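This is what each chain is made of:
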Amino acid sequence: EPEVTQTPSHQVTQMGQEVILRCVPISNHLYFYWYRQILGQKVEFLVSFYNNEISEKSEIFDDQFSVERPDGSNFTLKIRSTKLEDSAMYFCASSGQWAGELFFGEGSRLTVL
Amino acid sequence: AQSVTQLGSHVSVSEGALVLLRCNYSSSVPPYLFWYVQYPNQGLQLLLKYTSAATLVKGINGFEAEFKKSETSFHLTKPSAHMSDAAEYFCAVILQGAQKLVFGQGTRLTINP
């Protein structure tokens, strides 16, 4: 069964460092998403990506965040200068159609010290 | 803006008992509604979705949910709880034409033997 894969599963970094979280969405999907879940809180939307561009982003997704789909298979989330409050589980998701089922990866846990 | 509210951050039922997880939505137009499940250390998995067809939606693992416009509700039920149902459950909403799925706060379901 096709699945969304994310790497790394856990990353520890120092405040101010750059972090890149990687995702391989399901191959024939067209819509790509990043969500995050701070420990004990709800799953929050960060950004959606369609047709090689950002289609919607939340207030959380400020200039410190960026996404790329560099080679047609990977979908990356970059945080330029991490802050303590960026510590969270980051989920990548993809979908084959609008409002269709989102398939989520198992998440990348980011810990900022 | 659309949102969902899940009543009860923690629900505990006995094995074999009815499971009822509550979700109310706020939206000025008919939304699409979803229930996702998150097992420990895993990503989110779609249980079922309502997309303006039948108001009673059946999902995986014996779960179902009923869309009630008059009550702005989309409660999740299962007639007989199983130990394997222990997980975090998220209600989510997306407006027609929008990109982002908005999640509720989540309800942790515990099954007592």
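To keep things clear, this report deals only with the structure shown in the data block.

Here is what the cut-offs are and how they apply
Residues numbered from 1 in each chain as written. Chains lettered and ligands numbered in written order. Predicted model: local features only at pLDDT ≥ 70, side-chain atom pairs only at ≥ 80, totals over all residues. Heavy atoms only, no water. Disulfide = S-S within 2.5 Å. Helix = DSSP H or I, 4+ residues; strand = E, 2+ residues; numbered from the N terminus. Pairing = 2+ DSSP bridges. Axes fitted to C-alpha atoms, helices over the stretch in contact; angles between N-to-C directions. Buried < 20%, exposed > 50% of the residue type's maximum accessible area, 1.4 Å probe, protein only. Contact = heavy atoms within 4.5 Å. Buried area = accessible area lost by both parts, 1.4 Å probe. Salt bridge = Lys/Arg side-chain N within 4 Å of Asp/Glu carboxyl O. Polar contact = N/O pair within 3.5 Å; in protein donor to acceptor, adjacent residues only side chain to side chain. Phe/Tyr/Trp six-rings, centres within 6.5 Å; stacked < 30°, edge-to-face > 60°.

On to the state of the cysteines. Residue and element names in this part refer to chain B. In the structure shown here, the tally under the stated rule is two disulfides over all chains. With its sulfur 2.0 Å from that of its partner, Cys 23 forms a disulfide with Cys 91. Measuring handedness by torsion sign, the sulfur bridge of Cys 23 and Cys 91 sits at about -65° and is left-handed. Of this pair, Cys 23 sits in strand β3 (residues 19-26) while Cys 91 sits in strand β9 (residues 87-95), and the two are 68 residues apart along the sequence.

Before going further, it helps to examine the sheet that holds strand β7 (residues 64-68) of chain B. Residue and element names in this part refer to chain B. Read from one edge to the other, the open sheet built from five strands follows the order β1-β3-β8-β7-β6, with strand pairing classed as antiparallel. Each edge of the open sheet carries a strand with a single partner, namely β1 (3-7) and β6 (56-58). Averaged over all pairs of adjacent strands, the angle between strand axes in this sheet comes to 20°, irrespective of strand direction.

Residues and elements named next belong to chain A. Residue position: Ile 54 is located in strand β6 (residues 53-57). Note on Ile 54: relative accessible area 36%, which makes it partly exposed. When the C-alpha positions of Ile 54 and Trp 98 are compared, they lie 14 Å apart, and in sequence the two are 44 residues distant.

Before going further, it helps to spend a moment on the interface of chain B and chain A. Between chain B and chain A, the residue contacts involve 22 residues of the former and 19 residues of the latter. Together chain B and chain A conceal approximately 1800 Å² of surface at their shared face, both sides included; 58% is due to carbon and sulfur atoms. The interface formed by chain B and chain A holds zero salt bridges in total. Counting across the interface, chain B meets chain A through four residue pairs in polar contact (both at pLDDT 80 or more). Of all the elements in the fold, those that place two or more residues in the side of chain B that touches chain A are β4 (31-38), β5 (44-50) and β9 of chain B. Here the element with the most residues in the side of chain B that touches chain A is β4(B); it accounts for four residues.

Glancing now at the packing of aromatic side chains. Summed over all chains, the structure comprises 19 aromatic pairs over all chains. For the pair Phe104(A) and Phe103(B), a centre-to-centre distance of 6.1 Å together with 70° between the ring planes defines the contact as edge-to-face. Taken together, the positions of Phe104(A) in strand β10 (residues 103-104) and Phe103(B) in strand β10 (residues 102-103) put the pair across two chains. Residue Phe104(A) shares its accessibility class with Phe103(B), and that shared class is buried. Clustering of aromatic rings is evident, with ring pairs tying together Tyr33(A), Tyr35(A), Phe45(A), Phe91(A), Phe104(A), Phe34(B), Tyr36(B), Phe90(B) and Phe103(B).

On to the pairing of strand β8 (residues 73-78) of chain B. Residues and elements named next belong to chain B. With five of six residues buried, β8 lies mostly within the body of the structure. In this sheet, β8 lies alongside β7 in antiparallel orientation, the contact comprising five bridges. Bridge pairing in β8 links Glu 66 to His 75. Counting the residues between successive antiparallel strands, the hairpin from β7 to β8 contains four residues, one of them, Thr 72, with a positive phi of roughly 45°.

What follows is about the side chain of Gln38(B). Within the secondary structure layout, Gln38(B) lies in strand β4. When its relative accessible area of 12% is taken as the criterion, Gln38(B) is described as buried. At 3.3 Å, the side chain of Gln38(B) forms a polar contact with the backbone oxygen of Gln42(B). The residues touching Gln38(B), leaving out its near neighbours within four places in the chain, are Gln37(A), Phe91(A), Gly43(B), Leu44(B), Ala87(B), Glu88(B) and Phe90(B).

In this structure, the amide linkage connecting Thr7(A) to the following residue, Pro8(A), adopts the cis form with an omega of -5°. Tracing the backbone through its elements, the reader meets Pro8(A) in the loop between β1 (5-7) and β2 (10-13). Phi at Asn61(B) takes a positive value of approximately 60°, unusual for a residue other than glycine. Within the element layout of this structure, Asn61(B) appears in the loop between β6 and β7. Using a relative accessible area of 40% as the deciding quantity, one classes Asn61(B) as partly exposed.

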